[in-house]
Amino acid sequence: MIKIENLVKRYGANYALDDISFTVNEGEIVGFLGPNGAGKTTTMNIITGYLSSTSGSVTVNGIDILEEPKKAKKLIGFLPEQPPLYLDMTVEEYLNFVYNLKGCTLNRYKHLSEICEVVKISDVFHRLIKNLSKGYRQRVGIAQALVGNPKIIIFDEPTVGLDPKQIIEIRNLIRTLGKDHTVILSTHILPEVQAVCDRIIIINNGKIIADQKTEEISKAVQNNRRFNVKICGPKKEVLSMLKSKVGIVYAEELAEKDGDAFTYMIESEPGVDIRKNLFYTLAEKGWPLIGLEGVGTNLEDIFISIVDGGGEDTRRKKGPPSKQAAKQEDETSAIGGENK
Amino acid sequence: MTAVYRREMKAYFTTPIGYVFMIVFLMLASAVFCLTTIQQGEGSNIAMYFTILIFLFIIIVPILTMKSFAEERKMKTDQLILTSPVSIAGMIAGKYFAAMTMYTGTLLVSALNFYTIFKFAASNAAPNVASIIGNHVAVILVGSVFISIGIFISSLTENQLAAAIITVAAILVLLVSGMLSSLIPFYPLRVVVNWISIFTRFSYFTYGIFDYSAVLYYCSMTFLFLFLTGRVFDKRRWG
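What you see is a predicted model, and the numbers here were worked out from it, not measured in a lab. (Residues numbered from 1 in each chain as written. Chains lettered and ligands numbered in written order. Predicted model: local features only at pLDDT ≥ 70, side-chain atom pairs only at ≥ 80, totals over all residues. Heavy atoms only, no water.)

**Side note on the interface of chain B and chain A**
Listed per partner, the contact involves 28 residues of chain B and 32 residues of chain A. The tally of links between chain B and chain A comes to 1 salt bridge. Across the salt bridge formed by Asp-88 of chain A and Arg-7 of chain B, the nearest N and O atoms sit 3.7 Å from each other. Between chain B and chain A we count 7 residue pairs in polar contact (both at pLDDT 80 or more) in total. For the side of chain B that touches chain A, the secondary structure elements donating two or more residues are helix 1 (2-14), helix 4 (70-75), helix 5 (78-82) and helix 12 (212-238) of chain B. Element by element, the count of residues in the side of chain B that touches chain A is highest for helix 1 of chain B, at 7 residues. (Contact = heavy atoms within 4.5 Å. Salt bridge = Lys/Arg side-chain N within 4 Å of Asp/Glu carboxyl O. Polar contact = N/O pair within 3.5 Å; in protein donor to acceptor, adjacent residues only side chain to side chain. Helix = DSSP H or I, 4+ residues; strand = E, 2+ residues; numbered from the N terminus.)

Quick look at the structure:
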């Protein structure tokens, strides 16, 4: 459906995108994940034809976006990071404008009212966009992307700045849309892609560092070896026990305190699931374990997991290996430091 | 193109811009008309009216064009248009024709001023209709050049105020350079300035000459600046 080959975008000496290639198949929901400034927005802007690449090609359904932009753009609905809304228009006027702009041929009234039903903006249809809340504006932005019923919908950070309830609604909406559209969505929030996407592409510093099914990435997260444990008991003794325990390579005390319970961060040896063992040991000692949670559901930890596990090959593919590896180490240590 | 045009036209009237433009234009045009014709009595001269009229563009045109692309860029709505199946040329044409519609419409309303002359002037003192029409055509064309310059400048910035001020300066320079060209001591340079000058060419119309080369010149200038606007978008895209 979308084929991206060796995409490079350069600003002067800076590479915003450095040789990116991937394919998105029909009906897939693909999450584009990466920290801010990784190149997500640039990639999306190139796919939608807003920017042009320095080199490389983007084909949408076999149509090159540069050669036949009109045809290709008709297939894509795009919600940029900031919804492109005219504040001085009502929702009705705005959607009608988009309808005209996209040269839509579907039944105007029926099509627009269907969209409003789907994104739940029928109740604000006659109001000025200026007066709508952020959540509604975001939905009007999504409605705009749906006009003309494009096969591909691209969302750039669709849930930024929304409240938790709205975030859940938007995610559900995206999942519904995914049933009969190809969806690409970018975000820097991991649970978001886990909740919505079939496949995750992780991008950092303009390079793809992982391109995997969501389950695989989730597995990588579960394999995480770091846990926060909350234990009731004498602080020093508990800590020394944790430090000396077989299977734990690192333990430290965190500042958090809950009644007589203290929180510790532990890291197990690779390939060892320490959790059951830890429970029994603590039970023997008579120190109740009241909390145990994996640390590593954030993006930085994913990076570590992927770099530690099978991600290296995809990562080292490009560039001089020594330089690349050194850079990678830097990154890993920087990220590790942040975590502690 | 028509979608952009229609939205622009609507935007002129859902925001104060359109009304401010029409009020300022009609007020100034009528005042100038009064002073140069009716109040002049025997020495009245419609050439003077048209000459001053094009100087009013220094104030009027920026009102019309400052918002056009600067606002789009600031609100990121250009992203919607540029990712829709609309060409850059179509988008610019939509904006340009919307501004031209506002401008020409208002100018035609201001032309009603002439009714007073025809109504009250002695039959032998009535002005030449052909000359009035010819001058209006020329004013429209000069306005078209300035509007395209305004649109071009608006596409360079996302700050409306900056766009307005630079447009004022640009129009001022273009008009005044022709008037002051006689002060240039170096002859070849004077010829070049006169050739470029929008004002010098306009003066033929006020003498009652319909100068086709000037018409061509104004159309080319309009096209040039609209083309440059397109280049701005291309440049930004490839940047």
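**Notes on the sheet that holds strand 5 (residues 63-64) of chain A**
As a general point, the strands of a sheet are linked pairwise by backbone hydrogen bonds and lie either parallel or antiparallel. All names here are of chain A. Pairing in this open sheet of 4 strands is antiparallel, and the strands run 2-1-4-5 from one edge to the other. In this open sheet, the two edge strands, each paired with only one partner strand, are strand 2 (14-24) and strand 5. Looking at chain direction, strand 4 (residues 55-60) and strand 5 are connected through 2 bridges and run antiparallel. Each bridged residue has a counterpart across the sheet, and for Thr-59 the counterpart in strand 5 is Asp-64. Across the sheet, helix 1 (residues 40-47) touches strand 1 (2-11), strand 2 and strand 4, and the angle it forms with strand 2 is around 60 degrees. (Pairing = 2+ DSSP bridges. Axes fitted to C-alpha atoms, helices over the stretch in contact; angles between N-to-C directions.)

**What about the pairing of strand 13 (residues 261-268) of chain A?**
Residues and elements named next belong to chain A. The element strand 13 is largely enclosed, with a buried count of 8 among its 8 residues. Judged by which residues are buried, strand 13 turns out to be covered on both faces: Ala-261, Thr-263, Met-265 and Glu-267 on one side and Phe-262, Tyr-264, Ile-266 and Ser-268 on the other are all buried. With 7 bridges joining them, strand 12 (residues 248-258) and strand 13 adopt antiparallel strand pairing. Looking at the pairing, Glu-252 lines up with Met-265 of strand 13. Remark: 2 residues form the turn of the hairpin made by strand 12 and strand 13, two consecutive strands paired antiparallel; Gly-259 in that turn has positive phi of roughly 60 degrees. (Buried < 20%, exposed > 50% of the residue type's maximum accessible area, 1.4 Å probe, protein only.)

**Things to note about the domain arrangement of chain A**
Along its sequence, chain A is carved into domain 1 (2-216) and domain 2 (225-294). One C-alpha centre belongs to domain 1 of chain A, the other to domain 2 of chain A; they are set 44 Å apart. (Domains from an automatic or database assignment.)

**Topic: the sheet that holds strand 12 of chain A**
All names here are of chain A. Pairing within the open sheet is antiparallel, and its 4 strands lie in the order 12-13-11-14. A single partner strand is all that each edge strand has here, and the edge strands are strand 12 and strand 14 (289-294). Across the sheet, the mean angle separating the axes of adjacent strands is 20 degrees when strand polarity is ignored. Note: strand 11 (residues 226-232) against strand 14, 5 bridges, orientation antiparallel. When the bridges of strand 14 are listed, Val-229 appears paired with Leu-292. Strand contacts of helix 9 (residues 235-244): strand 11, strand 12 and strand 13, with the helix running at about 155 degrees to strand 12, the strand carrying the most contacts.

**Looking at the packing of helix 2 (residues 16-36) of chain B against helix 7 (residues 113-120) of chain B**
All names here are of chain B. Contact geometry for helix 2 and helix 7: axes closest at 10 Å, N-to-C directions at 30 degrees. Classed by the angle they form, the pair helix 2 and helix 7 counts as roughly parallel. Contacts from Ala-29, Ser-30 and Phe-33 in helix 2 reach Asn-113, Phe-114, Thr-116 and Ile-117 in helix 7. (Parallel < 35°, antiparallel > 145°, perpendicular 65-115°, else oblique.)

**A word on the packing of aromatic side chains**
Residues and elements named next belong to chain B. This structure, assessed with the given rule, holds 24 aromatic pairs over all chains. Ring centres 5.7 Å apart and planes at 90 degrees place the aromatic pair Phe-21 and Phe-25 in the edge-to-face group. On the criterion of helical spacing, the pair formed by Phe-21 and Phe-25 is a turn pair, its members being 4 residues apart in helix 2. Each of the two residues, Phe-21 as well as Phe-25, counts as buried. Pairing Phe-57 with Phe-146 gives two aromatic rings, centres 6.0 Å apart and planes at 80 degrees, and the pair type is edge-to-face. Linking Phe-57 in helix 3 (residues 46-65) with Phe-146 in helix 8 (residues 129-156), this pair joins segments that are 89 residues apart in sequence. According to the relative accessible area criterion, Phe-57 is buried, its value standing at 0%. The rings of Phe-21, Phe-25, Phe-57, Tyr-103 and Phe-146 are connected pair by pair, giving a single aromatic cluster. (Phe/Tyr/Trp six-rings, centres within 6.5 Å; stacked < 30°, edge-to-face > 60°.)

**Quick look at helix 7 of chain B**
All names here are of chain B. Of the residues making up helix 7, those classed as buried are Asn-113, Phe-114 and Ile-117. End-on view of helix 7: buried residues confined to an arc of 100 degrees, all on one side of the axis. Those residues of helix 7 that are exposed and aimed more than 90 degrees away from the buried face are Tyr-115, Lys-119 and Phe-120. Looking at the packing, one finds that the buried side of helix 7 touches helix 2, helix 3, helix 6 (88-110) and helix 8. (Arc of directions from axis to C-beta.)

**Here we look at the nonpolar core**
Grouped together as the largest cluster of nonpolar side chains are 148 residues, with contacts concentrated most on Tyr-94 and Leu-95 of chain A together with Tyr-103, Phe-146 and Tyr-218 of chain B. Sequence-distant contacts of Tyr-218 of chain B, that is, excluding residues within four places in its chain, are made with Leu-141, Val-142, Val-145, Ile-198, Arg-201, Phe-202 and Phe-205 of chain B. Counting residues in hydrophobic clusters, the runner-up holds 16 residues, among them Val-238, Ile-248, Ile-266 and Leu-282 of chain A. (Core = buried A, V, L, I, M, F, W, Y, C linked by side-chain atoms within 4.5 Å.)

**Comments concerning the confidence of the model for chain B**
Residues at a pLDDT of 70 or more form 99% of chain B, whose mean pLDDT is 89. For chain B, the element scoring lowest by mean pLDDT is helix 11 (residues 198-206) of chain B, at 82; helix 6 of chain B scores highest, at 95. (pLDDT = per-residue confidence, 0-100.)

**Concerning the packing of helix 8 of chain B against helix 9 (residues 160-179) of chain B**
All names here are of chain B. Where helix 8 meets helix 9, the closest approach of the two axes is 9 Å, and the angle between their N-to-C directions is 140 degrees. For the pair helix 8 and helix 9, the sense of crossing is right-handed. Residue-level contacts link Phe-146, Ile-149, Gly-150, Ile-153 and Ser-154 of helix 8 to Ala-163, Ile-166, Thr-167, Ala-170, Ile-171, Leu-174 and Leu-175 of helix 9. In terms of residue class, the contact of helix 8 with helix 9 is made up of 9 nonpolar, 3 polar and no charged. (Left-handed = near helix turned anticlockwise from the far one by under 90°. Nonpolar A, V, L, I, M, F, W, Y, C, P; charged D, E, K, R; others polar.)

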